[in-house]
Amino acid sequence: MRSLSLLAGVCLSVNALAAVPANEPVQPIAPAEITSPAKVELGKQLFFDPRLSRSGFISCNSCHNLSMGGSDNLPTSIGHNWQEGPINSPTVLNSSLNLAQFWDGRAADLKEQAAGPIANPKEMAFTHILAIDVLRSIPQYRDAFKTVYGSEEITLDDVTDAIAEFEKTLVTPNSRFDKWLKGDKDAITQTEREGYELFKSIGCVACHNGPALGGNSFQKMGLVEPYQTDNPAEGVAGLTGKDADRFKFKVPTLRNVELTYPYFHDGAYWKLEESVDVMARLQLGRKLSDEEIGKITAFLKTLTGEQPSFALPILPPSSNDTPRPQPFE
Ligand code: HEC
Ligand code: HEC
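Residues numbered from 1 in each chain as written. Chains lettered and ligands numbered in written order. Predicted model: local features only at pLDDT ≥ 70, side-chain atom pairs only at ≥ 80, totals over all residues.

### Re the overall build of the protein chain
Link 1 in the chain: The secondary structure content of the protein chain amounts to twelve helices and four strands.
Link 2 in the chain: Computed over C-alpha atoms, the radius of gyration of the protein chain comes to 22 Å, within 12% of the 20 Å expected from 2.2 N^0.38 for 329 residues, which places it in the range of a compact globule.
Link 3 in the chain: When its C-alpha atoms are laid out on the principal axes, the protein chain stretches across 70 × 45 × 35 Å.
Link 4 in the chain: Buried residues in the protein chain amount to 38% of all 329 residues.
Link 5 in the chain: Look at the contacts in the protein chain between residues 6 or more apart in sequence, and 69% of them connect residues 24 or more apart. (Helix = DSSP H or I, 4+ residues; strand = E, 2+ residues; numbered from the N terminus. Rg over C-alpha atoms; globule rule 2.2 N^0.38 Å. Buried ≥ 20, exposed ≤ 12 C-beta atoms within 10 Å, placed from the backbone. Contact = placed C-beta atoms within 7 Å.)

If you want it as structure tokens, here you go:
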């Protein structure tokens, strides 16, 4: 019995050579499958529409800029009235692969997440009712919601559903690393390959694995050595009140990590090399040489995939009935 299953295992990996190696802890990103183009298009408009904010100035794209890896490249985001945000804005790219949303996982999925920022006084600072009022006052939006959801009533549920459907298309397949995983031996260099081997052998893959190299577990930041920060975020403990959850954060994806600086929940580190050094010391108790850090960094840069690419959505104009923005209140 035992030798039989062993044999089966050998056969499997031989077969897999042509496609994806079965025994790698990282898998390629699958391209998005769009089942409802009209819904995705509507969600795209909403993602870019600053009229969902009180100021009429801040859209989802302000803090998750799709021209910059789905992040804002700031330590912490700037919200309504130039308020300083509490935590680094994670990328929306490949966020559909996360087991839950936010650093502490407090939203179960993208749909639940999307309601948060609109009503957050420090982000878009609107009420859901007012945001819906704005959309209802715009005839083209009423038409679009009618086409997609069968009613021009427009509910928060529809709004968040459409945004989530758009976000599910924001995956980044065909990175050089994925090409290598699929069998193109020349897709990455020898140095990058050595970086990947180090990434596996020293234990980074324990937390950064799966297609997103993260996003699938909550782990303590500062496992071996405590992380020093002025940021008051407590991680999962902020939700559970449990001491054991202090400083537990959702492991961020390393896909497109070259684009999503600065790093960590407090955005304290701008250089990828430094964040690799911090990770090795704090999570694994290992001091890496500059050469090792260079190799791992080179590997991480092969994880940049094809960025979402589409025509900028043109937003329907406000009507005479649209509530006016309040940029300075
Ligand atoms: C003012 C900046 C700002 C705006 C505007 C904003 N976000 Fe965010 N977003 C953040 C920050 C900061 C976080 C992390 C918050 C946390 O984890 O506590 C976040 C988290 C997320 C996440 C979770 C990603 C992950 O890996 O956990 C998603 C998805 C997301 N935002 C989508 C949106 C959408 C959709 C909108 C528009 C409706 C939006 N955001 C508007 C700053 C912003
Ligand atoms: C025990 C789990 C664990 C291990 C092992 C681990 N990480 Fe992490 N990694 C995390 C967590 C959790 C975070 C988020 C920490 C935070 O923001 O406070 C993170 C964040 C990062 C980031 C920053 C990403 C961003 O967008 O902010 C990088 C880069 C990174 N890890 C690379 C590595 C490398 C390279 C290794 C191996 C040397 C490694 N990690 C080992 C759990 C781990």
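### Section: the site of ligand 1
Link 1 in the chain: Neighbouring ligand 1 are 26 residues; C60, C63, F102, W103 and P117 lie closest to it.
Link 2 in the chain: Every element with two or more residues in the shell around ligand 1 is listed here: helix 3 (60–63) and helix 4 (110–119).
Link 3 in the chain: With five residues, the single largest contributor to the shell around ligand 1 is helix 4.
Link 4 in the chain: Partitioned by chemical class, the residues of the shell around ligand 1 number 15 nonpolar, ten polar and one charged. (Near = placed C-beta within 6 Å. Nonpolar A, V, L, I, M, F, W, Y, C, P; charged D, E, K, R; others polar.)

### Examining the nonpolar core
Link 1 in the chain: Ranked by internal contacts, the top residues of the largest apolar core, which has 26 residues, are L46, L135 and I163.
Link 2 in the chain: Contributions of two or more residues to this core are made by helix 2 (37–48), helix 4, helix 5 (128–136), helix 6 (139–149) and helix 7 (156–167).
Link 3 in the chain: No other element matches helix 7, which puts five residues into this core.
Link 4 in the chain: In this structure, L135 is in contact with Y141, I154 and V159, ignoring residues within four places of it in sequence. (Core = buried A, V, L, I, M, F, W, Y, C linked by C-beta atoms within 7 Å.)

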